[in-house]
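Each chain is listed here by its residues.
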Amino acid sequence: QVQLVESGGGLVQAGGSLRLSCAASGRALSSYYMGWFRQAPGKEREFVGAISWYGANTYYSDSVKGRFTISRNNAANTVYLQMNSLKPEETAVYYCAASSYYSDSPINYNYWGQGTQVTVSS
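In this numbering scheme, every chain counts its residues from 1 along its sequence in written order. It should be noted that, the model being predicted, local features are given only for residues of pLDDT at least 70 and side-chain atom pairs only at 80 or more, the latter also being counted only at that level, while totals for whole chains, interfaces and linings use all residues. Computation of side-chain values: all heavy atoms of the structure, hydrogens and water removed.

(A) View of the state of the cysteines. The disulfide criterion is simple: two cysteine sulfur atoms within 2.5 Å. Inspection of every chain in the model, using the stated rule, returns 1 disulfide. Two residues, Cys22 and Cys96, share a disulfide whose sulfurs are 2.0 Å apart. Here the disulfide of Cys22 and Cys96 is right-handed, its torsion about the S-S bond being about 60°. Here Cys22, found in strand β3 (residues 18-26), pairs with Cys96, found in strand β9 (residues 92-99); they are 74 residues apart in sequence, far enough to count as distant. Put simply, DSSP marks the helices as runs of H or I at least four residues long and the strands as runs of E at least two long, and each gets a number from the N terminus on.

(B) Fine view of the environment of Gly66. For Gly66, the location among the structural elements is in the loop between β6 (58-60) and β7 (68-73). Sequence separation between Gly66 and Met83 is 17 residues; the distance between their C-alpha atoms is 9.7 Å.

(C) Structural detail: the side chain of Glu90. Turning to its location among the elements, Glu90 is positioned in the loop between β8 (78-83) and β9. The term polar contact refers here to a pair of N or O atoms within 3.5 Å; inside protein, the definition further demands a hydrogen-donor-capable atom paired with an acceptor-capable atom, and it admits residues adjacent in sequence only when both atoms are side-chain atoms. Within polar-contact distance, the side chain of Glu90 engages the side chain of Arg38 at 3.2 Å. Contact definition: two residues touch when any of their heavy atoms are within 4.5 Å. Apart from the residues lying within four places of it in its own chain, the contact partners of Glu90 are Arg38, Ser63, Val64, Arg67, Phe68, Ser85 and Val118.

The structure is reproduced here in structure tokens:
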């Protein structure tokens, strides 16, 4: 079992950048594919991207490809989401999640953080 805690959210102007962190405790982070999701009010939880166990492979939704970067430091038990060129429509609660394998569906992730709010002003 693993516990996840996100941090780094906040208020940023359109076009700005934020870096989110996801700190894990419990089981070693290297046991999991790690995903990032986001959920805006009244909308379904949306896949942002994922990273493989040791970071060799990354996957992104088309909407963030080229602007967002996921990385991980297994020694520090932390995963990161670097977000550049943010848009107002990307205002949402951002979650990290852990899975035993790659998936872009939230139903396949077993462990979730509490989320961190990202607000992008226009």
